[in-house]
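Next come the chains, spelled out residue by residue.
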Amino acid sequence: MTLALKHLALASFEPYLAQATDIGIDDGLLDVAGSLHVAMDHPKAPFVTFKGNLGIASLAVVNRADEQPVVGWKQLALKNIA
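As the structure is a computational prediction, the values presented were derived from the model and not from experiment.

Right, let's get into the overall build of the chain. When helices and strands are counted, the chain shows 1 helix and 4 strands. Against the compact-globule benchmark of 12 Å for 82 residues, the chain has a radius of gyration of 15 Å, which places it well outside the compact range. Each of the three principal axes of the chain carries a C-alpha extent, and together these read 45 × 25 × 15 Å. By sequence separation, contacts in the chain at least 24 residues apart represent 47% of the contacts at least 6 residues apart. Only carbon and sulfur atoms are counted for the fraction: they give 61% of the accessible area of the chain, which is about 5,900 Å². Where the 6 positive side-chain charges of the chain centre and where its 8 negative ones centre are 15 Å apart.

The next point concerns the sheet that holds strand β2 (residues 23–39). Strand order in the open sheet made by the 4 strands is β1-β2-β3-β4, with antiparallel pairing throughout. Looking along the sheet, the strands with just one partner apiece sit at the ends: β1 (2–9) and β4 (68–81). Looking at each pair of strands side by side, their axes are set apart by 10 degrees on average, direction ignored. Examined bridge by bridge, β2 and strand β3 (residues 47–63) share 15 bridges and lie antiparallel to one another. Paired with S35 across the bridge in β3 is K51.

How each quantity is defined
Residues numbered from 1 in each chain as written. Predicted model: local features only at pLDDT ≥ 70, side-chain atom pairs only at ≥ 80, totals over all residues. Heavy atoms only, no water. Helix = DSSP H or I, 4+ residues; strand = E, 2+ residues; numbered from the N terminus. Rg over C-alpha atoms; globule rule 2.2 N^0.38 Å. Contact = heavy atoms within 4.5 Å. Areas by Shrake-Rupley, 256 points an atom, 1.4 Å probe, with all protein chains shown as cover. Lys, Arg positive; Asp, Glu negative; His and termini not counted. Charge placed at Lys NZ, Arg CZ, Asp CG, Glu CD. Pairing = 2+ DSSP bridges. Axes fitted to C-alpha atoms, helices over the stretch in contact; angles between N-to-C directions.

Everything listed here is a matter of coordinates, which is why it stays silent on function.
In structure tokens form, the structure reads like this:
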């Protein structure tokens with residue numbers, strides 16, 4: 001299948017993180033463009049491959065215990081991932 005996600009808000013995934021950690025996402029946008037293949041008949045099924053590009057912009061990750069920044073950046077781009 002072909003994937004094309006543009007500006008997916010990562011903060012919307014914070015409730016899933018909150019169940020396991022004190023890390024929170026204040027900001028971040030995910031861009032994904034490429035091809036995803038899932039092979040259910042593979043000996044190690046499901047076997048998943050991806051070829052394409054991935055980007056995360058405006059990331060702001062914080063420690064919810066003290067609201068201190070953990071990691072952040074303006075732009076990260078990974079091109080031609082296989």
